[in-house]
Amino acid sequence: MTPYLAKIFLYPVKSLDGVEVENATVLASGALHYDREFAIFDEQGKFVNGKRHPKIHLIRAQFALFNRTISLQIPDRNLQQIYHLDEERQGLEAALSDYFEFAVTLGQNSLMGFPDDTHSLGPTVISTGTLAEVASWFPGLSVDEMRRRMRANIEIGGVPAFWEDRLFSEQGDLVSFRVGDVDFLGVNPCQRCIVPTRNSYLGEAYPNFQKIFIIQRQATLPNWVASSSFNHFYKLSINTQLPSSSAGKILQIGNEVDINVD
């Protein structure tokens, strides 16, 4: 089968639930419109995220992107509360501050969002085959749960596990590829944090997740992979950059994926 764009996920508020969409627009920065546009900050200006605050996993969020609303279900509250992200931000901040038991604010960056890797603003890429393979390493974890833990933007179908490891080369070399008519540059494998070790709904840690992952990732690493990118093996999905020529273009489910060969 030809590699194709199987799924697109946007995460409007960093560390909260994502939204699966049919298409996404590329911003001038190379980020996807709406992705990580907002982030929660404490009074010291630090991210309130899954790395530092596991209880954030317990919040359920749904988004109406075009209406600019977030529907929030906070633990121990019976009512689902809906807030307009632009017009009712104070109410949303108050609800989140009450939940976390310290003051938080909602920051916004409509130009590039709040990515983990500020040098590679493009969407992160993984394949469905990889998610299935990695889920098989952990009894009791479904493919969808692994998808929620890895939080990639773009999922490629029609390819075997770890196909996306073709999208980076030896350190410093970028790999050019296209999704539909959108040009990408593959940069490096994404270094994972503590978040994938936890249940995406409850925040509970899976025993020895990181150790199991590292052992299996090393054992299943394709022999053609650019090994210089692996100073350790707790890495999965690909960080990307998008050239300015991709700004304004649209990624669409079903787009073919082609690696450019010189």
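No experiment lies behind these values; they were computed from the predicted model shown.

1. Digging into the overall build of the chain
So, point 1. From N to C terminus, the chain includes four helices and 15 strands.
So, point 2. Its C-alpha radius of gyration of 18 Å places the chain within 12% of the 18 Å reference for a compact globule of 262 residues.
So, point 3. Dimensions along the principal axes, computed over C-alpha positions, put the chain at roughly 55 × 45 × 35 Å.
So, point 4. For the chain, the residues scored as buried account for 52% of the 262 residues in total.
So, point 5. A sequence separation of at least 24 residues applies to 71% of the contacts in the chain between residues at least 6 apart.
So, point 6. Looking at the chain as shown, the accessible area adds up to about 12,100 Å², and 50% of this sits on carbon and sulfur atoms.
So, point 7. Looking at charge distribution, the chain has the averaged site of its 23 positive side-chain charges lying 5 Å from that of its 30 negative ones.

2. Considering the nonpolar core
A general feature of soluble globular proteins is that nonpolar side chains tend to end up buried together.
So, point 1. Formed by 51 residues in total, the largest nonpolar core has its most connected members in Ile-70, Leu-72 and Leu-251.
So, point 2. Broken down by element, the residue count for this core peaks at five residues, all from helix α1 (residues 89-100).
So, point 3. With residues up to four places along the chain from it excluded, the contact list for Ile-70 reads Val-13, Leu-16, Ala-61, Gln-62, Phe-63, Gln-81, Ile-82, Tyr-83, Leu-85 and Leu-92.
So, point 4. Judged by nonpolar contacts, the second largest core, of 16 residues, contains Ile-126, Val-134, Phe-138 and Ala-152.

3. What to know about the packing of aromatic side chains
So, point 1. A complete count under the given rule lists 17 aromatic pairs for this structure.
So, point 2. When the centroid spacing of 5.7 Å and the interplanar angle of 35° are considered together, the rings of Phe-100 and Phe-102 count as tilted.
So, point 3. When its relative accessible area of 27% is taken as the criterion, Phe-102 is described as partly exposed.
So, point 4. Judged by centre distance (5.3 Å) and plane angle (85°), the rings of Phe-138 and Tyr-206 are edge-to-face.

4. Details of the pattern of salt bridges
So, point 1. Within the structure shown, the criterion is met by 15 salt bridges.
So, point 2. The salt bridge involving Asp-35 is made with Arg-36; its shortest N-O contact spans 3.2 Å. Like Arg-36, Asp-35 is buried.
So, point 3. Residue Asp-86 is joined to Arg-89 by a salt bridge in which the shortest nitrogen-to-oxygen separation is 3.5 Å.
So, point 4. For Asp-86, a relative accessible area of 36% gives the class partly exposed.
So, point 5. Several salt bridges share partner residues, and in doing so they unite Glu-37, Arg-68, Asp-86 and Arg-89 into one network.

5. Structural notes on the side chain of Ser-246
So, point 1. Residue placement: Ser-246 occurs in the loop between β13 (235-241) and β14 (250-252).
So, point 2. With a relative accessible area of 0%, Ser-246 lands in the buried category.
So, point 3. Ignoring any residue separated from it by four or fewer positions in sequence, one finds Ser-246 in contact with Val-26, Val-182 and Asp-183.

6. Let's talk about a nonpolar patch on the surface
So, point 1. Among the surface-exposed residues, Leu-58, Tyr-201 and Leu-202 lie close enough to one another that they form a single nonpolar patch of about 250 Å² accessible area.
So, point 2. Residue placement: Leu-202 occurs in the loop between β12 (182-191) and α4 (209-220).
So, point 3. On the basis of relative accessibility, which here comes to 47%, the residue Leu-202 falls in the partly exposed class.

7. Here's the deal with the pairing of β13
So, point 1. Across the seven residues that make up β13, a large majority, six, are buried.
So, point 2. By the bridge criterion, five bridges tie β12 to β13 in an arrangement that is antiparallel. What sits directly across from Gln-191, in β13, is Lys-235.

8. Topic: the side chain of Asp-183
So, point 1. Along the chain, the position of Asp-183 falls in strand β12.
So, point 2. Residue class for Asp-183 comes out buried when judged on its relative accessible area of 18%.
So, point 3. Separated by 2.6 Å, the side chains of Asp-183 and Arg-178 make a polar contact.
So, point 4. The contact partners of Asp-183, leaving out residues within four places of it in the chain, are Phe-177, Arg-178, Leu-242, Pro-243, Ser-245 and Ser-246.

9. Focus: helix α2 (residues 128-136)
So, point 1. When we look at burial in α2, the residues that qualify are Thr-130, Leu-131, Val-134 and Ala-135. One side of α2 holds all its buried residues, which, seen down the axis, span an arc of 130°.
So, point 2. The inward-facing, buried residues of α2 abut β9 (125-127), α3 (143-150), β10 (154-157), α4 and β13.

10. A word on the sheet that holds strand β7 (residues 81-84)
So, point 1. With respect to topology, three strands assemble into an open sheet ordered β5-β6-β7, the strand pairing being antiparallel. Whereas interior strands pair on both sides, the edge strands pair on one side only; in this sheet they are β5 (60-64) and β7. Neighbour to neighbour, the strand axes of the sheet diverge by 25° on average, direction disregarded.
So, point 2. One ladder, built from five bridges, connects β5 with strand β6 (residues 69-73); its direction is antiparallel. Bridging across to β6, Ala-64 finds its partner in Thr-69.
So, point 3. Seen against the sheet, α1 touches β6 and β7 and runs at an angle of roughly 135° to β7.

Rules used in this analysis
- Residues numbered from 1 in each chain as written.
- Predicted model: local features only at pLDDT ≥ 70, side-chain atom pairs only at ≥ 80, totals over all residues.
- Heavy atoms only, no water.
- Helix = DSSP H or I, 4+ residues; strand = E, 2+ residues; numbered from the N terminus.
- Rg over C-alpha atoms; globule rule 2.2 N^0.38 Å.
- Buried < 20%, exposed > 50% of the residue type's maximum accessible area, 1.4 Å probe, protein only.
- Contact = heavy atoms within 4.5 Å.
- Areas by Shrake-Rupley, 256 points an atom, 1.4 Å probe, with all protein chains shown as cover.
- Lys, Arg positive; Asp, Glu negative; His and termini not counted.
- Charge placed at Lys NZ, Arg CZ, Asp CG, Glu CD.
- Core = buried A, V, L, I, M, F, W, Y, C linked by side-chain atoms within 4.5 Å.
- Phe/Tyr/Trp six-rings, centres within 6.5 Å; stacked < 30°, edge-to-face > 60°.
- Salt bridge = Lys/Arg side-chain N within 4 Å of Asp/Glu carboxyl O.
- Patch = residues over 30% accessible without salt bridge, like charges linked within 9 Å, V, L, I, M, F, W, Y side chains within 5 Å.
- Pairing = 2+ DSSP bridges.
- Polar contact = N/O pair within 3.5 Å; in protein donor to acceptor, adjacent residues only side chain to side chain.
- Arc of directions from axis to C-beta.
- Axes fitted to C-alpha atoms, helices over the stretch in contact; angles between N-to-C directions.

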